[in-house]
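Listed here are the chains, written in short residue letters.
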Protein chains: 2
Amino acid sequence: MKREGMLVIISGPSGSGKGTVVKELVQKENFALSVSATTRTPRTGEIEGVHYYFYDKETFEKMKNQNELLEWAEFCGNYYGTPKKYVEQKMAEGKNVILEIEVQGALQIKKLYSDCILVFLVPPDIKELEKRLTQRGTEDKQTINRRMNRAIEEMEFVPQYDYIVINDTVEAAAEAICAIVKAESMKSSRNINIKQNFI
Amino acid sequence: MKREGMLVIISGPSGSGKGTVVKELVQKENFALSVSATTRTPRTGEIEGVHYYFYDKETFEKMKNQNELLEWAEFCGNYYGTPKKYVEQKMAEGKNVILEIEVQGALQIKKLYSDCILVFLVPPDIKELEKRLTQRGTEDKQTINRRMNRAIEEMEFVPQYDYIVINDTVEAAAEAICAIVKAESMKSSRNINIKQNFI
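Residues numbered from 1 in each chain as written. Chains lettered and ligands numbered in written order. Predicted model: local features only at pLDDT ≥ 70, side-chain atom pairs only at ≥ 80, totals over all residues. Heavy atoms only, no water.

What follows deals with the interface of chain A and chain B. One widely used convention gives an interface's size as the accessible area the parts lose upon coming together. Opposite the 31 residues of chain A that make contact, chain B presents 31 residues. Counting each side, the surface lost to burial between chain A and chain B is near 2800 Å², with a carbon and sulfur contribution of 74%. When residues of chain A are sorted by the area they lose upon contact with chain B, M186(A), K195(A) and F198(A) head the list and together hold 27% of the total. In this structure, K195(B) engages E156(A) in a salt bridge whose closest nitrogen and oxygen atoms are separated by 2.3 Å. Listed by contribution, the elements that provide at least two residues to the side of chain A that touches chain B are helix 5 (126–136), strand 9 (163–166), helix 7 (170–185) and helix 8 (194–198) of chain A. If one sorts the elements of the side of chain A that touches chain B by residue count, helix 7 of chain A sits on top with 6 residues. Of the residues in the side of chain A that touches chain B, the class split is 21 nonpolar, 3 polar and 7 charged. (Contact = heavy atoms within 4.5 Å. Buried area = accessible area lost by both parts, 1.4 Å probe. Salt bridge = Lys/Arg side-chain N within 4 Å of Asp/Glu carboxyl O. Helix = DSSP H or I, 4+ residues; strand = E, 2+ residues; numbered from the N terminus. Nonpolar A, V, L, I, M, F, W, Y, C, P; charged D, E, K, R; others polar.)

Here it is in structure tokens:
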């Protein structure tokens, strides 16, 4: 009997290292990586279907109205969302799907799929976050401070997440998420047919 | 800040390999192994404090009445129970405690400690269970059949357990339980101080 795959959602403040950890996970465990849709213009080097699916506003709104998105949000005049089809198809194939998404979207999806797994990734502490944001060298002091305050605010959402993973190193964080996925697959609530299979 | 250890309870039908898996776990991860108390006479080779704490009936009843047992039961005129002191002391030291115990006792403890982790260990299937029970060579056909029926009955309790682990090999089952313990330690409900620690 083929098991349905699980949906793993990774959130975390800017500078938590979500992107790097997710990349490591996809290589490590053959997760299916869900790609978001957006109406914003592709940046140089961004590839359709890898970084985003790029749609025009009309197409995006049609998807939204036809209930083809798991969640969506508008930022700075552009839409962002998660197409439902890919996620549901991969899960039906028995593949675990991983999705990197911000807090509001994650909580929207949890309402739809109560058994999705919400993982909140954080840097070890605020000092380390400051260091990482500074080392990027792409933002000024003011932006960094804003991101740090935002990170502290976002920590308020942790109790609504299932797990919290401290990103000391990429390797350890990826292993921690693998342990979570392994443990979740053994939950009795996900193995209700165990008695029939046993007999 | 020292974290409190977790209480991991392993149950499973006779022939599921609980004892061997627990032995492997204790070596592997430095779990503290809780030892049961009993009023039955020690068998040859059984060591006080290793296999059981052997008490007379009066002492056991005193412990029971003074609420010094996490759970207890009577089988064939003898008492069996789990002394509370050792478990609470080790958990306070930050050590994870492992306890191998039958279903009724496990569910008693879950009522006291809602955040203990209940793991149900099963052989891959009923054929494999029969094979293992037969290979022991210690029981007749009738006893084996009784144990197999009992195993099927016990599967009814799986939904009250948190996790189900299929014991294909001792090594894999021990690793599976380690993943469960690792994942549980990252549950947001067990990390309510995370925001303070972060700042």
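Still to come is the rest of the account.
Strands sit in the order 4-3-6-5 (chain B) across an open sheet of 4 strands; the sheet is mixed. Pairing within the sheet leaves two strands with one partner each, and these edge strands are strand 4 (53–54) and strand 5 (69–75) of chain B. (Pairing = 2+ DSSP bridges.)

Another aspect to go through is the state of the cysteines. Applying the stated criterion to the full structure yields 0 disulfides over all chains. Counting only cysteine sulfurs, C178(B) is the nearest neighbor of C178(A), a cysteine outside any disulfide, at a range of 15 Å. Residue C178(A) is classed as buried on the basis of its relative accessible area of 12%. (Disulfide = S-S within 2.5 Å. Buried < 20%, exposed > 50% of the residue type's maximum accessible area, 1.4 Å probe, protein only.)

As a further point, take the pairing of strand 8 (residues 117–122) of chain B. The two faces of a sheet get side chains in turn, since along a regular strand they alternate between them. Residues and elements named next belong to chain B. Burial analysis of strand 8 places 6 of its 6 residues in the buried class, the great majority of the element. Where burial is concerned, the two faces of strand 8 agree: the one with I117, V119 and L121 and the one with L118, F120 and V122 are both buried. In the sheet, strand 1 (residues 7–11) pairs with strand 8 via 4 bridges, with the strands oriented parallel. Each residue of the ladder has a partner; that of I10, found in strand 8, is V119. Relative to strand 9 (residues 163–166), strand 8 runs parallel, the two sharing 4 bridges. Paired with V122 across the two strands is I166, which belongs to strand 9.

We now examine the pattern of salt bridges. The tally for this structure, following the rule as stated, stands at 33 salt bridges over all chains. In this structure, K187(A) and E184(A) form a salt bridge, with 3.3 Å as the shortest nitrogen-oxygen distance. Of the two residues examined, K187(A) and E184(A), each falls in the buried class. One salt bridge connects R132(B) with E128(B), and the closest N-O pair in it is separated by 3.0 Å. Here R132(B) pairs with E128(B), and both are found in helix 5 (residues 126–136), just 4 residues apart, close to one helical turn. Judged by relative accessible area, which is 19%, R132(B) ranks as buried.

By themselves, these observations are geometric and do not establish any function.
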